[in-house]
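Listed below, chain by chain, are the residues.
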Amino acid sequence: MGRRRLLLLLKPLDVYSLHQSTGVPRRNTNPKVLQFIDSRCRVHKAAIEFCQDILRRKSIEWDAVFRSHLSQPIHNVDLVVTIGGDGTLLRASHFLNDSIPLLGLNSDPTQPQEVEELGDEFDATRSTGFLCAATIKNFEQMLNNILENGMTPTELSRMAIKVNSELLPLYALNDFLISDPNPAAVSRFSFRIIKQESSQPLVNCRSSGLRVSTAAGSTAAMLSAGGYLMPVSSKDLQYMVREPILVTQEHLRLMHGLVKPKESMDIDWQTNEGLIYIDGAHIVHNVQHGDSIQISSCAPSLKIFLPHHLLGTSKM
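As a starting point, this report considers the structure included with it. As a convention, each chain's residues are numbered from 1 in the sequence order in which they are written. Per-residue local features of the predicted model are confined to residues with pLDDT of at least 70, and side-chain atom pairs are confined, for both listing and counting, to 80 or more; whole-chain, interface and lining totals are unaffected and use all residues. To get the side-chain values, all heavy atoms of the structure are used, and hydrogens and water are removed first.

## Quick notes on the overall build of the protein
Logical step 1: Each helix and strand counted, the protein has 8 helices and 18 strands in total.
Logical step 2: Only the C-alpha atoms count toward the radius of gyration. The rule for a globule is 2.2 Å times the residue count to the power 0.38. Since a compact globule built from 316 residues should have a radius of gyration of about 20 Å, the 21 Å found for the protein is in line with a globular shape.
Logical step 3: Taken over the C-alpha atoms alone, the protein extends approximately 60 × 55 × 35 Å along its principal axes.
Logical step 4: When a residue's accessible area, from a 1.4 Å probe over protein chains only, is under 20% of the maximum for its type it is buried; when over 50% it is exposed; and in between it is partly exposed. Across the 316 residues that make up the protein, the buried fraction comes to 46%. A run of H or I in DSSP becomes a helix once it reaches four residues, and a run of E becomes a strand once it reaches two; helices and strands are each numbered from the N terminus.

And the structure:
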């Protein structure tokens, strides 16, 4: 067997110290806040250096790239390791097919004692790494288990999105959100669930938008909005109309449900403008009145090494 090849995808350092690269001074002059931000940058940088030192000692070919520099699909590597949090992991997922596995390393985990000491002054939580199986504490062992001991990744379902029958060039790992560009405006749209041999009645909506999540995404904004956790192995999609306006109790039950693996959701957009957000705020697609959107789980899965607390949900 030839030498294994690995790609490190890195969260940029300047997300912690934007003022240094732009010359814009920090508005917050609380010394504890400034120390906290500088600490986060140092911890993240140290995690990158720590992982690179481990790779230098091993018989592995590897390269490192900041996530903002990634623009083409990832090929010709045996493993992708993201160093950052869930945002960096999501970024990597958009450039991966179903053949290359992914390992997320949370470079800057929240420290409970720090939150307890500083929580009354500001938000002292650090990087969210819900999907990240590694930290610097177990990175080398995880790497050995994957590359030498044949550790098997989990396959997560993703979401395919079509606009006017054209497939968007990436698959959502977490969720899809469509709404008016103005968060205070009413979004008008209709949807129906298309089954193999039939379809459900058309549901007409006036609301603040529509969110659809995968099983992985059910742990994020969907859960915060009142949705429920799904087994991580599920291929169902969960949808929820956000803040529906003037609906009857009977109509209300249609605002939240599931799209099964062999089904799709067809959406007719009836607002002048609209924005589709994929896996957060950074990937945005414009739509306009009369556009049709189709959502389904007919997408390549993502191979990923998950933390133990999520592996337990796969058997629910």
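Here the narrative resumes.
## What to know about the environment of Arg3
Logical step 1: Looking at the secondary structure, you find Arg3 in the segment before β1 (4-10).
Logical step 2: Separated by 234 residues in the primary sequence, Arg3 and Leu237 place their C-alpha atoms 39 Å from one another.
Logical step 3: In what follows, residue pairs with any heavy atoms lying within 4.5 Å of each other are defined as contacts. Those residues within four positions of Arg3 in sequence are excluded, and the remaining contacts are Lys58, Ser59, Ile60, Glu61 and Asp78.
Logical step 4: Under this definition, polar contacts are N or O atom pairs within 3.5 Å; protein pairs additionally need one hydrogen-donor-capable and one acceptor-capable atom, and for neighbouring residues in sequence, both atoms have to be side-chain atoms. Within polar-contact distance, the side chain of Arg3 engages the backbone oxygen of Ile60 at 3.5 Å.

## With respect to helix α2 (residues 31-56)
Logical step 1: Each helix should span, by expectation, one fewer than its residue count multiplied by 1.5 Å. Here α2 is 26 residues long and its end C-alpha atoms lie 37 Å apart, about the 38 Å a rise of 1.5 Å per residue gives.
Logical step 2: Looking only at α2, the buried set comprises Val33, Phe36, Ser39, Arg40, Cys41, His44, Ala47, Ile48, Cys51, Gln52, Ile54 and Leu55.
Logical step 3: Against the buried residues of α2 lie β1, β2 (60-66), β3 (79-84), β4 (102-106), α4 (112-118) and α5 (139-147).
Logical step 4: The opening residue of α2 is Asn30, an N-cap whose side-chain oxygen sits 2.9 Å from the backbone nitrogen of Lys32.

## Points about a nonpolar patch on the surface
Logical step 1: A cluster of nonpolar residues, Val186, Ile245 and Leu246, forms a patch on the protein surface that exposes about 280 Å² of accessible area.
Logical step 2: Tracing the backbone through its elements, the reader meets Ile245 in the loop between β12 (237-242) and α7 (249-252).
Logical step 3: Exposure remark for Ile245: the relative accessible area of 31% places this residue in the partly exposed category. Patches in this entry comprise residues that are over 30% relatively accessible and not in a salt bridge; like charges within 9 Å are linked, as are nonpolar side chains (Val, Leu, Ile, Met, Phe, Trp, Tyr) within 5 Å. For the accessible areas, the method is Shrake-Rupley and the probe is 1.4 Å, while residue cover comes only from the protein chains on display. Throughout this description, the term salt bridge denotes a Lys or Arg side-chain nitrogen within 4 Å of a carboxyl oxygen of Asp or Glu.

## A look at the sheet that holds strand β10 (residues 203-207)
Logical step 1: We treat two strands as partners when DSSP finds at least two bridges between them. Strands sit in the order β7-β6-β17-β14-β9-β10 across an open sheet of 6 strands; the sheet is antiparallel. In this open sheet, the two edge strands, each paired with only one partner strand, are β7 (166-167) and β10.
Logical step 2: Pairing between strand β9 (residues 187-194) and β10: 5 bridges, direction antiparallel. Across the sheet, residue Ser190 finds its bridge partner in β10, namely Asn204.

## As for the packing of aromatic side chains
Logical step 1: Centre distance within 6.5 Å is the pairing criterion for rings of Phe, Tyr and Trp, where only the six-membered ring of Trp is used; planes under 30 degrees apart are then read as stacked, over 60 as edge-to-face, and the remainder as tilted. Throughout the structure, instances matching the rule amount to 3 aromatic pairs.
Logical step 2: On the basis of an interplanar angle of 65° and a centroid distance of 5.4 Å, the ring pair of Phe191 and Tyr239 is categorised as edge-to-face. Highlighted residues: Phe191 in strand β9 and Tyr239 in strand β12, separated in sequence by 48 residues. We note that Phe191, like Tyr239, is buried.

## Section: α5
Logical step 1: The set of residues buried in α5 consists of Phe139, Met142, Leu143, Asn144, Ile146 and Leu147.
Logical step 2: For α5, the secondary structure elements touched by its buried residues are β1, α2, β2, β3, β4 and β18 (302-305).

## Observations concerning the sheet that holds β4
Logical step 1: Taken in spatial order, the 6 strands of this open sheet run β2-β1-β3-β4-β18-β5, and their pairing is mixed. What marks the edges here is a single partner per strand, and that holds for β2 and β5 (154-156). Put simply, the sheet's adjacent strands are angled 30° from each other on average, direction ignored.
Logical step 2: By the bridge criterion, 5 bridges tie β1 to β3 in an arrangement that is parallel. Each bridged residue has a counterpart across the sheet, and for Leu9 the counterpart in β3 is Thr82.
Logical step 3: Axis definition: a line fit to C-alpha positions, over the contact stretch in the case of helices; interaxial angles, taken between N-to-C directions, run 0 to 180 degrees. Set on the sheet, helix α3 (residues 86-93) makes contact with β1, β3, β4 and β18; between it and β3 the angle comes to about 150°.

As far as function goes, none of this settles anything; it's purely spatial.
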